[in-house]
Structure formats: structure tokens, C-alpha cells
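# Breakdown of the fold
Residue strings, one per chain:
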Amino acid sequence: MWRLRRAAVACEVCQSLVKHSSGMKGSLPLQKLHLVSRSIYYLHHPALKLQRPQLRTSFQQFSSLTNLPLRKLKLSPIKYGYQPRRYFWPARLAARLLKLRYLILGSAVGGGYTAKKTFDQWKDMIPDLSDYKWIVPDIVWEIDEYIDFEKITKALPNSEDLAKLVPDFDKILESLSLLKDVFTTGHKLVSEVIGASDLLLLLGSPGETAFRATDHGSESDKHYRKVSDKEKIDQLQEELLHTQLKYQRILERLEKENKELRKLVLQKDDKGIHHRKLKKSLIDMYSEVLDVLSDYDASYNTQDHLPRVVVVGDQSAGKTSVLEMIAQARIFPRGSGEMMTRSPVKVTLSEGPHHVALFKDSSREFDLTKEEDLAALRHEIELRMRKNVKEGCTVSPETISLNVKGPGLQRMVLVDLPGVISTVTSGMAPDTKETIFSISKAYMQNPNAIILCIQDGSVDAERSIVTDLVSQMDPHGRRTIFVLTKVDLAEKNVASPSRIQQIIEGKLFPMKALGYFAVVTGKGNSSESIEAIREYEEEFFQNSKLLKTSMLKAHQVTTRNLSLAVSDCFWKMVRESVEQQADSFKATRFNLETEWKNNYPRLRELDRNELFEKAKNEILDEVISLSQVTPKHWEEILQQSLWERVSTHVIENIYLPAAQTMNSGTFNTTVDIKLKQWTDKQLPNKAVEVAWETLQEEFSRFMTEPKGKEHDDIFDKLKEAVKEESIKRHKWNDFAEDSLRVIQHNALEDRSISDKQQWDAAIYFMEEALQARLQDTENAIENMIGPDWKKRWLYWKNRTQEQCVHNETKNELEKMLKCNEEHPAYLASDEITTVRKNLESRGVAVDPSLIKDTWHQVYRRHFLKTALNHCNLCRRGFYYYQRHFVDSELECNDVVLFWRIQRMLAITANTLRQQLTNTEVRRLEKNVKEVLEDFAEDSEKKVKLLTGKRVQLAEDLKKVREIQEKLDAFIEALHQEK
């Protein structure tokens, strides 16, 4: 201001001198005016007044230092020509005195104002350290109690005080008017004053030199000004860009130092140097809530609306690369053009002292600074994805939960989804495209989900599929962030750079977005490190024409700015929605508790896992009960079961063929041979099968028998499944058959009946066996000939034609047996012919095969009745047995055979009982425990076996309580952080 007034005074002096100069009338031409006067003329003339070009910039730092003022650029003053030095010492002396006065006053005023402005600027430059309060000692945050900053601020001069310090320009004008009379002596004096004024003008602000006139005329002046303005604008833009990048590097350096400091502090806390225990981080608490919600069945109208960052994009658009840049590690499996993301991957980013990754269901930590651990992590993710994919499918909706911790990571939860495809290729399931769309829609339908839409910048925008899908889910773009990847390839290959600007501004797509970003994901080499990609990205954008020409803004580029923006948006969405979600679950919990009280008032709330533990204890108790079975009970059921299994073979294949022989020697020989063959080939195996079936029956009896009022039918399916799986896995000891074969062979070779009691027991055993066979034979004959006369009269039943033929044949055969009671077991051919002719004479036509079948049953009944009569005669034959049937017509070799069979059964049952109690019961108990452990790890199996409304209600109630508790803890920690 004071410089302008000085210029005005100089102008008045010049006009006064012109009026009083001799020989000068009227106004002087503009070309003849002095250089200073001509400059003043240009400065104040309304038609020639030039506007200083305003500096327009769209650069904005997207960080905590957003309000950091840019450094004022100073152009070096331009010197025009050589001005001759004038030696007029009074004028020079006056000019120097005036200049000295102005410098002193200006320094005083400017110094105070500059001090206050500098303090305000540096106060705004201090970053927000609220997130790191716990690192700095408490005395720093309490320093305002000891220093009164408001008092210091008030002590600085304000605008009114500064106005008082400004000199009185009216007095300066009076002083200059006095000097006017002194300089009226001649043109030389005026020239000296104008020279001094010219010198003062040249020493003014650099911006004023742009308005100087030259001695080359008005046309050359205009051309020079145009060139000068263009150069200055280019220079200003260039320096502004360098300043922006300089602040970017400063900020990155500060963040790196902060990361190292944070890492050091966390490491000290891990070693126990600080006694203060670190609380669980907010993002970890939030991730636990999401993990619980992922297993929650969305019933009772309560859905999961908690925010997540959902990463969607076309296949090979660079989703994985963007996530890895945000996570600062190459953690995902890669494939050249092949679909690698086959199921959603939830990545929780949090801050920690070490850069590590771990799965939700595993305790192993992968060190992301080591290439071996990175390779192992990628392999593990790929294995989990393939495990989730069911047979016949290509993708799976099951989520893999992964936590990534490290110094300086932005806290957020991201979900990487399978890439959207347009065509199903060979090797994929036919419904792969629809499945990917349904999975993506399920995540994006969440009204609080942040959609990170990834678009490949190196391909035509018209080929994009994901943008239409995102615009359907979020038509207003209130929660969508658009990311253009591979910008380096786009800038290199796209002919029109304005097309990239249209993409990044959302003008080329129908979708809208909350923000637009451009990133570079490396040079396409999968072996590139994250640091190399970051350096390449910064170098590209530093030299990119898109940034220099203001097509892209500084806060819209680099994955670092993207990470900051997504994190801020994520936490904003969390703070806005988490309390509303907590209220919804409180209402759901009340409804579930009310329903349980009304339906199951006397039962404790047990979820599926608790019910499984209760059933597991009951099953193990029942298995232990097998060891409480008495040896007598084991031997009785084993002996009875074994005889039921071998009785048919003993009667039909051993006893009957031997009994039909003519003498005792042949009988004994036949019996010994057949017993030896039976023992070597069949008997041991049959005995082991009987023992294993007996063990299964006893085990099933303990598992399934009702327990009275304590019995809970909800466990029946589980117990049945455990029983079947345990029996399926159990195998009898292979050495059991060999040992049994020796024992059974020795038992069958013994023929020495020691006392009458054993003899009577053998006779009783023989009678039971023969009586059971006789009853079976009677039933077979009755079925063959039909009901007898009593049943026909009493129950009104009739015989069929075939039964009548069988009855006539039976009667004819019985007549033949009455004539010869010692008839052999087989009919001769002439006997068959005789029987057939006798029947034909009575009008009954029969076939020889029918005669043979009927004869078998008739003779079998006749033989068994004869054997039973002989058994009664042998009751008193023990005396003859002791004398080896010498001089006796009574021979009881068949009784000895049944005694040998009975003794073999008793010895076999005893041996099997010992194997059961000593070995097999324990092995079965071990198998049951293994089956229960396998079922405990198989959640699908537990859901299938433990079902019902009661189970589902308890399960939902437990989950809702757990979700509510975690949400309440998270909300409390969120308020404390504020």
C-alpha cells in the first residue's frame, strides 16, 4: 500500500514539474515520458491495467497434513537494461533517508505480523497425534496446564495494533510537496528525482516488474508480457508439483519413522518392559464380531449389516495386486490367466510390531518378511480354497478368514471376492458365472458395505462387466470407491489421455462413486517386491503427464492414498452403523429368550457343541459298561450264539451222514474226518464272527436301551452314527483264529466223558438239537401237504391241488417205511416207479422229482424220531460207555459226538470271552473315542446328527448373545478411543 502511495506522489511531482517547465505546453507524448512515469501510467490507466494471473491448482494432499500451506514461490527479479548513474547528492540523500525510515517501520510491523502468522501456520502443521497418545508420556498432553497458550496468543499484536504502526501517508505527502519546491530548478533535478524513484520501483516486489514498460514500443511490450506470463505459469505449476511431491516424501518419511517407533514400542511391550498391558485393538475386536456373524443363520429378521470393504472386479483386473499393496505383502496365490480366487477371503488388517499373517482357526504365524513363509502362506490359501470347493463346482461361498498385522498398516476389514467372468471356459462348472454373481451380490447388498470396484485401465472400458453389477447394487454411488489399475499401461497405450480422465471422473461409465483413484500395480512381474512396486508407482506418477496436466489430482493417485481413503471411509461407516446393529441384536436376543422360556422352561440352554459334549460323556460311560459284563453272561451268550450258527452244519453235514452208516466204526470214522475238515476251514472263522456280532449286540443294547426319565431322544441319531462308525472301523485281532483253531481241534479230539453228569448233559443237549430239527421237519411237511383235517374243519382252510398230490405221495411213502423201518436214506429207482404207479392207479399223476422231495422230508422225520427214541435208551448207557460197549447191543456213539460238540462250544466261548474282555472291548472303546473326536471336528456332521427346534433355538440364542457382547465391547472401546 505504501509503495503505491509513493508511486502516486512521484506522479504528482512529475506532473507539477511538467506544468512549470519552460518551453513545454500541453501534455507530453507517452513515448517521451521517463521510464518510471511511463510505468506508473501503465499501472493506473484503466484501459491498460493488466490482471495478475491467478494460480489455479487442483492439488490437495489427502492426509493428515491437508491444511499444510504451500511455500510461496519467489521468482528472481528481472533486470532491464543499464540505467546511467546520476550524481545529484541531495536527491540521493533524501531518497536514502526515506528508504531507511520505511525499512525500519516495515520491519517492525512486518516482524510482529509475520511472527503471529508463522505461529498459526506451524500450529496447523502439527499432525493429529490422537491415535498415538499412549506412546507419548502423559506430561506432554498435560503441558497446556503449565503453559498458557491463549495468553501468548493474546500477547501477539492484532490487526488494530498493526494499523497503528503503519506510517501516516498524509504527512509523507506534505513532506514530498515541500521537496517539490526544491526540485523546480531544472530538468536535471527532475531527472535525478525520477532516477531515484525508478530505483525504488526496481527494488519493490518482484510481481511489479512484470508491468514495466520497455523502450521498444507498445507492441513489443504486449508480446513480452504474453511470453512472460506463460513461462511464469509453467514455472509455477512445475514448482508446485515439486513442492507437492516434496511434502509427500516428507510425510512418508515421518510415517516411516513413526512406524519404526511404533514397532519398537510394541516390541518392548511384548518383552514385558512396560507393565502397562496393551488392549486388544479395535479392528481385531471388530473382526471377531464379523467371524461370529459369518456362522450366524440370518433368522428372526436380523441380518448382518456391519460394514466391510468388498473388493470386486473383473477377472485379472488387479484386485489381488491392490490388496497386496494395501497389506504390504504378496500373500495371495497367482496364476497366469487362471482363476485363483475360488472363495471369498476376509483379510483383517491391523497394526502390530511384526509383519505376520495367521488364519482364524490356526495358531501358526507366517512371517511376511521371509519368502519361505510367504510361499507357504500362498500354498495354504490355495489348499483351503480347493478344500472349500465342493465336487463338481468351481467356486465356493465359504469364507477364509485371514489376519494380517504389521507396523503402519491401515486398520480395516477387506473381503476379496472371485473375479467376475463373462464366459465359462472348459474345466469350469456350468453355473460358475451365476455363482460368482450371487456371491458378489450377497456381499454388496449389505447397505453398509463399502464397494471397492477395481477396473483394469489397460483394457477397453466397454469390456467391463463389474461396473454394471456395482451400479445395480449402489446406483447413487454413496458407498462405492472406483479404482483404475494399470494406469501406466493405459497412459502408454491409450491414444487419447482425456479418455483416462473421463474414466477416473466416472463420465465413461453409468456408475457413480464416492471417490475415484488411479494406481499402478507393478510392471507385471509376479516376483516384484512390494517396495519395488511402490517405488515404481511413485516414479511413474512423478513424471506422469496425467498429473502434470491436472487430469489427475494428487490425492487420487498411489495405493497409499487409496488405503488412507478406504480406511477413513470404513471407520466412518462403522461409527455410523455399529450401534444400530447392536440394538437389532438386543431385540433379537429378547425374542429368543422369551421363546425358550415358553417352550423349554425346565431345560438348560445347551447349544450344539454343549449337547455333543454331553452325549459324548454318555456314550463313553456306556462303552465302559461293557467291561462290567460278567464272564458267565459273556460265555452263555457266546455259546448260544455259536451253536445257533453251527447247528445246521453239525446235524446236516456231520451227524446225519454218519448216523446212517451201518456200524459204529464207520460212524466214528466219518465223524472224525468231517470234524477235522470243519475245524481247519470254517469253525474258527465262524467263532470270531459270532464273538464280534455278540460284542456289537451288547454294545448296541447299552447304547439304545432307555434310561428312564433321564433318557434324551435328541442323542439317538448321534449314538447310532457313533455305533455304526465304530463297528465299521473295528477289526478283530488276526491271531485270534489261529489260536482258536488249535483249541477247538484239541477239544473235538477228546472222547473221555468223566462222569454221569456230563453224560446226562450231552443227552439233554442231543435231545434239544434233534427235537428242534424234528419240529422244523414237521413244519416243512405241513407246508408241503397243507392243513390237516382238524385245521380244515376248525379254521375253514383247504388244500391246494399241489398239496393234495404231496399228501397222497407222503401217505404212500409212509406205508413203505412201515414195512421196512430200517430203510436206508435213499430210494431205489424201482421203488420210485412203484410209488408212482400206485398213485396213478388212484388217479394221482406225480413226477419222480416230487417223490424224491417228499421222501426226503418223510424219511428225515422218521429218522429223527428214531434217534430220539435211541437217545432215551442211552440215558442208562453210561455204564456201557465206560466198558466201551463191550458185549452190549446198545451203542451210544451219537451221544459221545454231541458231548464233544458241547465241550468244544464251552471251550470256544471261554476263549472268546477272554479275548473280548482283555483286548476287544478296550479296542472298541478306543475306536469310539476316535470317532467322537472326528465328529467333534466335523461341524457338518454335528449339524446333521444333532437337529431339532430345541437345538436350533439354543444355537441361535448363544450366537446372538456372543454377537451382542462383542458388539458392546467394541462400541465401548470405540467411545474410549474418541
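Up top is the structure.
Residues numbered from 1 in each chain as written. Predicted model: local features only at pLDDT ≥ 70, side-chain atom pairs only at ≥ 80, totals over all residues. Heavy atoms only, no water.

### Re the sheet that holds strand β9 (residues 515-518)
Formally: Only when DSSP finds a minimum of two bridges between them are two strands counted as paired. Put simply, DSSP H or I for four residues or longer makes a helix, DSSP E for two residues or longer makes a strand, and each gets a number counted from the N terminus. In what follows, residue pairs with any heavy atoms lying within 4.5 Å of each other are defined as contacts. Only the stretch in contact is used when fitting a helix axis, every axis being a line fitted to C-alpha atoms; angles between N-to-C directions are given from 0 to 180 degrees.
Read from one edge to the other, the open sheet built from nine strands follows the order β4-β3-β5-β2-β6-β1-β7-β8-β9, with strand pairing classed as mixed. The open sheet has two free edges, formed respectively by β4 (366-367) and β9, since each of these has just one partner strand. The sheet contact formed by strand β1 (residues 309-313) and strand β7 (residues 450-456) spans five bridges and is parallel. Opposite G313, over in β7, you have I454 as the bridge partner. Together, β2 (345-351), β3 (356-359), β4 and β5 (400-406) form the strand contacts of helix α12 (residues 371-388), whose direction differs from that of β5 by roughly 160 degrees.

### Points about the state of the cysteines
Applicable threshold: In this description, the term disulfide denotes a pair of cysteine sulfurs within 2.5 Å. The cut-offs for exposure are 20% and 50% of the maximum accessible area for each residue type, with area from a 1.4 Å probe on protein chains only; residues under the lower value are buried, those over the upper are exposed, and the others partly exposed.
By the definition in use, this model includes one disulfide. The disulfide bridge from C874 ends at C892, spanning 2.1 Å between sulfur atoms. Looking down the S-S bond of the C874 and C892 bridge, the torsion is -100 degrees, so its handedness is left-handed. Separated by 18 residues along the polypeptide, C874 in the loop between α30 (848-873) and α31 (878-882) and C892 in the loop between α31 and α32 (893-937) bring together distant segments of the chain. With respect to burial, C874 and C892 carry one shared label: buried.

### As for the side chain of T432
Where we set the bar: In protein, a polar contact means a hydrogen-donor-capable atom and an acceptor-capable atom, both N or O and within 3.5 Å, with residues adjacent in sequence counting only if both atoms are side-chain atoms; elsewhere, any N or O pair within 3.5 Å suffices.
Within the secondary structure, T432 is located in helix α13 (residues 432-444). Residue T432 is classed as buried on the basis of its relative accessible area of 1%. Within the local environment of T432, its side chain forms a polar contact with the side chain of T394, the two groups lying 3.1 Å apart. Those residues in contact with T432 that lie beyond four places of it in its chain are M339, T394, V395 and I421.

### Concerning the pairing of strand β6 (residues 412-416)
Most of β6 is tucked away: five of the five residues are buried. Covered by surrounding structure in β6 are M412, L414 and D416 together with V413 and V415, the residues of both alternating faces. Sheet topology places β1 next to β6; three bridges connect them, and they run parallel. Residue pairing in the sheet places V310 in a bridge with V415 of β6. Here β2 runs beside β6; their pairing, made up of five bridges, is antiparallel. Residue pairing in the sheet places K346 in a bridge with V415 of β6.

### Remarks on a nonpolar patch on the surface
We apply this condition: For patch detection, residues must exceed 30% relative accessible area and be free of salt bridges, and they are connected within 9 Å for like charges or within 5 Å for nonpolar side chains (Val, Leu, Ile, Met, Phe, Trp, Tyr). Residue-level accessible areas treat just the shown protein chains as cover; the underlying method is Shrake-Rupley with a 1.4 Å probe. Should a side-chain nitrogen of Lys or Arg be within 4 Å of a carboxyl oxygen of Asp or Glu, the pair is scored as a salt bridge.
Taken together, the side chains of W789, W793, L794 and Y795 make up a nonpolar region of the molecular surface, amounting to roughly 610 Å² of accessible area. Looking at the element boundaries, Y795 is found in helix α27 (residues 789-795).

### What about a negative patch on the surface?
Stated precisely, the cut-off is as follows: Under the counting rule used here, the positive set is Lys and Arg, the negative set is Asp and Glu, and His together with the chain ends is not counted. To locate a charge, take atom NZ for lysine, CZ for arginine, CG for aspartate or CD for glutamate.
A contiguous patch of negative charge on the surface is contributed by E398, E930, E933, E937, D938 and E940. Ranked by residue count, the leading element in the negative patch is α32, at three residues. Relative to the elements of secondary structure, E933 occurs in helix α32.

### Some words on the nonpolar core
Stated precisely, the cut-off is as follows: Residues grouped as a nonpolar core are buried Ala, Val, Leu, Ile, Met, Phe, Trp, Tyr and Cys residues, joined through side-chain atoms within 4.5 Å.
Y655, W678, L695, W759, I901 and V928 are the most contacted members of the largest nonpolar core, which has 101 residues in total. Per-element accounting of this core gives the leading share, 17 residues, to α32. Contacts of V928, omitting those with residues within four sequence positions, involve I619, L620, V623, F699, V722 and S726. Counting 69 residues, the second largest nonpolar core, distinct from the first, contains L409, C569, F585 and A973.

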